[in-house]
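Reading the structure
Chain residues, written in single-letter form:
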Amino acid sequence: AQSVTQLDSQVPVFEEAPVELRCNYSSSVSVYLFWYVQYPNQGLQLLLKYLSGSTLVESINGFEAEFNKSQTSFHLRKPSVHISDTAEYFCAVSDSFQKLVFGTGTRLLVSP
Amino acid sequence: SQTIHQWPATLVQPVGSPLSLECTVEGTSNPNLYWYRQAAGRGLQLLFYSVGIGQISSEVPQNLSASRPQDRQFILSSKKLLLSDSGFYLCAWRVGGRRETQYFGPGTRLLVL
């Protein structure tokens, strides 16, 4: 069975500092990986995804994640965060596309 | 373009009352549809998914049921709500192929008192 671990429940950071949100997964087959962002009282929005090809994927708002098969990780990074990046971030894994398995989420708190 | 709607946005219900949450998708046909629950301080738990009309797969045994009476309509129901049913309920639909992604609705916040 698949599982996703997001070890950090909350990550406080100052504006313009770099950040890394960690995600590790377990799966016995090829996987597809996703990061979603949830702003307060809203649904989830896709941030970026890895399906195949280049192991480094980027979002339009400066986030990136790298698929590392040997370490079974898909950490999310941003070199300089903004106040508006404050949100909850969910990592998810799928092996069949039919279903996603989500981590418990990491709350990113950006302060001035 | 495709959009996904959920209603109501917020609901407060007494224990033991029935529940009906509705999700509809526009701009696509024969979508895979999903119901998730997000409890306070926890991640998303997949409750049900459907690959077509009348086809429901249940992921966890619980007090809830789902139905898909029309191609783009997915309903989450309960005959008698429990306190533990409180949470944020999210509906999603899946785009397959090279654009493989699940897109989420705005959610329904349910408080059972």
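Residues numbered from 1 in each chain as written. Chains lettered and ligands numbered in written order. Predicted model: local features only at pLDDT ≥ 70, side-chain atom pairs only at ≥ 80, totals over all residues. Heavy atoms only, no water.

Right, let's talk about the overall build of chain B for a bit. When its secondary structure is counted, chain B shows 0 helices and 11 strands. For chain B, the succession of helices and strands along the chain, N to C, is β-β-β-β-β-β-β-β-β-β-β. A compact globule built from 113 residues would reach a C-alpha radius of gyration of about 13 Å, and chain B, at 14 Å, matches this within 12%. Projected onto its principal axes, the C-alpha coordinates of chain B cover approximately 45 × 30 × 25 Å. Per-residue burial over chain B gives 49% buried out of 113 residues. In chain B, 54% of the contacts between residues at least 6 apart in sequence involve partners at least 24 apart. Surface accessibility of chain B: about 5,400 Å² in total, with carbon and sulfur atoms responsible for 53%. The distance from the centre of the 10 positive side-chain charges to the centre of the 6 negative ones in chain B is 4 Å. (Helix = DSSP H or I, 4+ residues; strand = E, 2+ residues; numbered from the N terminus. Rg over C-alpha atoms; globule rule 2.2 N^0.38 Å. Buried < 20%, exposed > 50% of the residue type's maximum accessible area, 1.4 Å probe, protein only. Contact = heavy atoms within 4.5 Å. Areas by Shrake-Rupley, 256 points an atom, 1.4 Å probe, with all protein chains shown as cover. Lys, Arg positive; Asp, Glu negative; His and termini not counted. Charge placed at Lys NZ, Arg CZ, Asp CG, Glu CD.)

All names here are of chain B. When strand S9 (residues 87–95) meets strand S10 (residues 101–104), the two strands line up antiparallel, connected through 4 bridges. Along S10, the bridge assignment pairs Trp93 with Tyr103. The turn linking S9 back onto S10 is made up of 5 residues, and Gly97 within it adopts a positive phi angle of 75 degrees. (Pairing = 2+ DSSP bridges.)

It is worth spelling out the sheet that holds strand S8 (residues 73–78) of chain B at this point. Residue and element names in this part refer to chain B. Ordered in space as S1-S3-S8-S7, the 4 strands form an open sheet in which the pairing is antiparallel. In the strand order of this sheet, the two ends are held by strand S1 (3–7) and strand S7 (65–70), each with one partner. Sheet twist, expressed as the mean angle between neighbouring strand axes with direction ignored, is 20 degrees. Bridge analysis of S7 against S8 gives 4 bridges, and the strand direction is antiparallel. (Axes fitted to C-alpha atoms, helices over the stretch in contact; angles between N-to-C directions.)

What follows is about the side chain of Lys78 of chain A. All names here are of chain A. Relative to the elements of secondary structure, Lys78 occurs in strand S9 (residues 73–78). The exposure class assigned to Lys78 is buried, which follows from its relative accessible area of 5%. Within the structure, the side chain of Lys78 is placed 3.0 Å from the backbone oxygen of Asn61, a separation counted as a polar contact. (Polar contact = N/O pair within 3.5 Å; in protein donor to acceptor, adjacent residues only side chain to side chain.)

Now for the state of the cysteines. Within the structure shown, the criterion is met by 2 disulfides over all chains. Disulfide pairing places Cys23 of chain A opposite Cys91 of chain A at an S-S distance of 1.9 Å. A torsion of -65 degrees about the S-S bond marks the disulfide between Cys23 of chain A and Cys91 of chain A as left-handed. Pair noted here: Cys23 of chain A is in the loop between strand S3 (19–21) and strand S4 (24–26) and Cys91 of chain A is in strand S10 (residues 87–94), with a separation of 68 residues, a long-range link. Both residues of the pair, Cys23 of chain A and Cys91 of chain A, count as buried. One disulfide in the model links Cys23 of chain B with Cys91 of chain B; its S-S distance is 1.9 Å. Between Cys23 of chain B and Cys91 of chain B, the S-S dihedral sits near -70 degrees, and the bridge is therefore left-handed. (Disulfide = S-S within 2.5 Å.)

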